[in-house]
Amino acid sequence: MQGWTVLWVPGTDHAGIATQAVVERWLWQRRGLRRQDLTRSEFLDEVWAWKRRHGDEILQQLRALGASLDWSRCAFTMDPGFSRAVAEAFVRLHEAGLIRRDRRLVTWSCALRSALADVEVEPRALTGPTALRVPGCPQPVTFGVLVTFAYPVEGGDGLELPVATTRPETMLGDVAVAVHPADPRYLHLHGRHLRHPFTGQLLPVVTDPMVEPSRGTGAVKVTPGHSPPDLALARAHGLPLLSVLGDDGTMCPPGGGWLQGVHRFVAREKVVAALAERGLYRGTQDHAMTLPMCSRSGDVIEYLLKSQWFLQCREMAQRAREAVTSGRLKLVPKFHEKNWKTWMDNVGDWCLSRQLWWGHRVPAYRVGVPPAGSPPEHPEGLWVVGRSEAEARAAAARTLRCPPDDLQLQQDPDVLDTWFSSALFPFAALGWPEETPDLRRFYPTSVLETGSDLLFFWVARMVMLGHQLTGRLPFSQVLLHSLVRDTHGRKMSKSLGNVIDPRDVIAGASLQELQERLHRRILDPHEVVVATEGQRRQFPHGIPECGTDALRMALCSHNVHGDDIRLDVGTALSYRHFCNKIWNAVKFVLAALEPRFVPQVPEEMVPQHPMDRWVLSRLAQAVGECGRRMEALEVHGAVAAVHHFWLRSFCDVYLETTKPMLREPGAGTETRRTLLTCAELGLRLLAPFAPFLSEELWQRLPRAPPAPPTLCLAPFPDAARLAHWRCPKVEAEVAAMQEVVRAARALRDVFRLGAARPPVAVRCPVEAQDSLAALGPALQALAQAGPLQLLPLGAEPELGPGWVGAPAGPDTHVYLCLRGLVEPAAARAQLSTRSRSLQRRLETLGGTQAPASHQQVAILRSELARLAQALETLDPPGPPEDPDIRGGDPDIRGTPAPNKPLPPPGGSLTTPPPPPASLFLFGDVSRAARSQLRVGGGRTQTSEVGVGEDSGHPGSAPFSPADLVQRPPDAGGIRELPTPRNHPRVPPKPSPRHRLRAGGGGRGGDIRSATAML
């Protein structure tokens, strides 16, 4: 829409660990087979079948969401072309000396039986003893305790050296005990040896300055096969390396023995019991610790010595760090830059090997030759790397200087980390390593948007490998959104049942449908029970149908630059109502256009009427704000700007002010053009966020030729082209008018006037009167008011009893005439009841500390203040008795009273009535007045008939609202504006019990009671 050539490439990765785990679980639950019961080829066939059934769910969700992806370029990391790119990248990095094979300690998941990258390990802080369930262990395991036991000193003199550990089961792999060289407690043990109580091996006591004497006993057991610090210490002192844990997490000490094949955490209890039997156990104490957990399986991470392929990241990380510090790569929000620099400064080598079957096989081959032909300088076990086996064979032949056919090559059974192939996506999806037209045109890309939790899993690796393999950064901006959680702030998990499928929000789903779908998932029985209950609590009535556009706007409305996002289906439902409002607004616009209406180019419109100028100024402001927010990658701000224009400016204000004008025959041509302009440009502004609704409505609007065939190709609104619409002066004038409207509507709400349209008077500075006069019809329409009077500050005539006021800005007050609309006694009782109810709610919320409760308390206090003011208005009793006005047939002619100041805001509704000539009845007689009044000859006659009815009295004339108006002798600068035609001054069927009688006789009424009722 802005004229750019845009490409958004869809794609998915193969999710090696997760996919293999779910397929293995499916095979076991449905067919009773384990992976080891199948050949590798057979198992991969099962995985591909699973991928065909379920692998496109993400893409289907994106289609349902209306994502504008180029589906013809859809990429999958296991596709043949992508697989070639993965092999090419591995070979190039190996040739550059960045990838090599080494035997090191790796983070190992016993549940997955695979190595993991360091970023896939989640540290869990424990403050003390904590029982956790561990996969494969029959009972919960207590962590957060420190076990102390003693090693006897060799020599028979009864000495011992106590050590403390959180992992007593690994003591079978101890090769030494280290102490600080200056620790006086152990100076006498320097150079001595300890006897292992189970294996009988002699363990040397070594000194090392890295030992902290204040921790534990000050003596550290050295287990290089299962601890990175111990491995460094063992290599520094030339100690042997010993492993006692198998890949599956069971014990495998050298020589077998009584713990062979026992689960490591079951063996922990057995080791402690055996130490106690030998008199070497010294106690247990609580211990705060950090437990490394596998983010994939929930297993406790172990450190195992393995020969794996490692990628050296130090140099690449420094270049990635410099890209951010120099500004060539921008991270949004900016606070992520600190974590980026810290991670790059401390990055280690990346273990690429994964002990899986699903994924890209490592393109490395172990070379074997017949013993007779093996050159002595090239021992067996040589590894070569190649894009294919033929290339690897040729490389091995050159290295060994022997014929290729004499060599035996065996490819590494491991696969590469999924994130390695995903890191190539920005350029591999465009055809790399071939120099394709797409690669030349679209690489490097512009913006990457992803979750902040993937900053190091994916973003950092894309930057490092992209720059290393292509010489250019893969993108210039990264937008990192907050973690999306459920309504209660929990991370979404299938096992909790709180994962929301966007298609369910779009189309709706009953609780039964959600749970049937849940039971079709491959979950453990315990997880199914927990997830079922979680769904029942979160969606007791299912998920309501919200539609695509509502869901899109709900997602885009969250501030992704801040805290975690709590996704609530209720937010999508509220945006469904918003979309419905837009539908009705455009429907109103279409109905307002005349059959012969000729549209013009929206940007060329020059409005004259103040409300037309105001709404177009607001539209231009929304366009500018939306553009600025999108450039800053603040999508929530852009959505808020569009939402505010449509809802607060166009629908709530402008549409309401046009209704009276459009009912005038032959009027409102400029208004109709403004309506169409706002609708057409507003839909273009809305299109990126709600494409389906916008396209459907835009196609129905008349457009000036030449018009594009689809909204997607219509030009996006440009703030520069709409700058001539900006009018701050008119916006300020309308803002002042809206303050008056708010004050008037607040008074209406307090006294619950319903459909009545009371007269309104506004006292304001003289300089504001011209703008309010021009905006009078709009004010009356928005405030649901009758006739409008503008009172300058210097002229304050008496309007009579029954007026109530409220401030509406500096030096501005608004007054409503409530005569005939409010009965003081009934209103006082009603307001008192409401006040007591609000007071009880306020007392209930008084002890709550939640932020939402604070907001509710503020609202309740504001409402109580309004009710208190209204009660003060109704406080005075009836007016004092006037001896000149009594029962019978009174003479109400009297003389005009001198001008008195307006009653202040909150003034009495039952103040004594003025003389008859000062009585103001501004057209709206209300539900409470049903008698027909005729003014003439200085007498007021009455009969008990409804307003507008023929009284049957001789000489009676048809009722006219104008008959009820008597102006005071001096209007004092009052300017009265007419009520719009569509605002009926007399409600149709008032209640019979509110009929009034003025004068004596009959049923004993008098003018005072009638005035009090009015």
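Below is a summary of the structure that appears in this document. If you're wondering where the values come from, they're calculated on a predicted model, not measured in any experiment.

### Topic: unusual backbone geometry
Item 1. Between tryptophan 432 and the following residue, proline 433, the backbone shows a cis peptide bond with an omega angle of 15 degrees.
Item 2. Looking at where proline 433 falls in the secondary structure, it is placed in the loop between α11 (425–428) and α12 (437–442).
Item 3. Proline 705 connects to proline 706 through a cis peptide bond whose omega is -5 degrees.
Item 4. In this structure, proline 706 sits in the loop between α22 (691–698) and α23 (728–751).
Item 5. Backbone geometry places glutamine 784, a non-glycine residue, at a positive phi of 55 degrees.
Item 6. Tracing the backbone shows glutamine 784 in the loop between α25 (776–783) and β29 (788–792).
Item 7. The class for glutamine 784 is partly exposed, based on a relative accessible area of 29%.
Item 8. The backbone of aspartate 811 sits at a positive phi, close to 60 degrees, despite the residue not being glycine.
Item 9. Aspartate 811 gets classed as exposed once you look at its relative accessible area, which sits at 52%.

### Topic: the sheet that holds strand β24 (residues 447–451)
Item 1. The strand order across the open sheet formed by three strands is β17-β25-β24, and the pairing between neighbours is parallel. The two strands at the open ends of the sheet, each matched to only one other strand, are β17 (330–332) and β24. Neighbour-to-neighbour, the strand axes of this sheet turn through a mean angle of 20 degrees, independent of strand direction.
Item 2. Note that β24 and strand β25 (residues 477–481) share five bridges and pair parallel. Among the inter-strand pairings, valine 447 is bridged to a residue of β25, identified as glutamine 477.
Item 3. The strands touched by helix α13 (residues 455–470) are β24 and β25; relative to β24, the strand with the most contacts, the crossing angle is about 160 degrees.

### Topic: the environment of glycine 128
Item 1. Note that glycine 128 resides in the loop between β5 (121–126) and β6 (130–132).
Item 2. Under the relative-accessibility criterion, glycine 128 is labelled buried at 9%.
Item 3. For glycine 128, the contacting residues outside a window of four places in its chain are Phe143, Gly144 and His287.

### Things to note about the layout of surface pockets
Item 1. The space that makes up the second largest pocket amounts to roughly 1200 Å³.
Item 2. Elements represented by at least two residues in the lining of the second largest pocket include exactly β9 (160–165), β13 (219–222), α5 (228–237), α6 (264–277), β15 (289–294) and β16 (302–311).
Item 3. At five residues, the largest contribution of residues to the lining of the second largest pocket is made by α5.
Item 4. Here the residues of the lining of the second largest pocket sort into 19 nonpolar, twelve polar and eight charged.

### A word on the side chain of threonine 148
Item 1. As for its placement among the helices and strands, threonine 148 is situated in strand β8 (residues 145–152).
Item 2. Excluding residues within four positions of it along the chain, threonine 148 makes contact with Pro162, Val163, Ala164, Thr217, Leu280, Tyr281, Arg282 and Gly283.

Criteria and cut-off values
Residues numbered from 1 in each chain as written. Predicted model: local features only at pLDDT ≥ 70, side-chain atom pairs only at ≥ 80, totals over all residues. Heavy atoms only, no water. Helix = DSSP H or I, 4+ residues; strand = E, 2+ residues; numbered from the N terminus. Buried < 20%, exposed > 50% of the residue type's maximum accessible area, 1.4 Å probe, protein only. Pairing = 2+ DSSP bridges. Axes fitted to C-alpha atoms, helices over the stretch in contact; angles between N-to-C directions. Contact = heavy atoms within 4.5 Å. 1 Å grid on protein atoms, 1.4 Å probe; cavity = no way out; pocket = protein on both sides within 12 Å on 5 of 7 lines; lining within 4 Å. Points joined across faces, edges and corners; volume = space filled by probe spheres on them. Nonpolar A, V, L, I, M, F, W, Y, C, P; charged D, E, K, R; others polar.

Shape is all these values report; function is a separate question.
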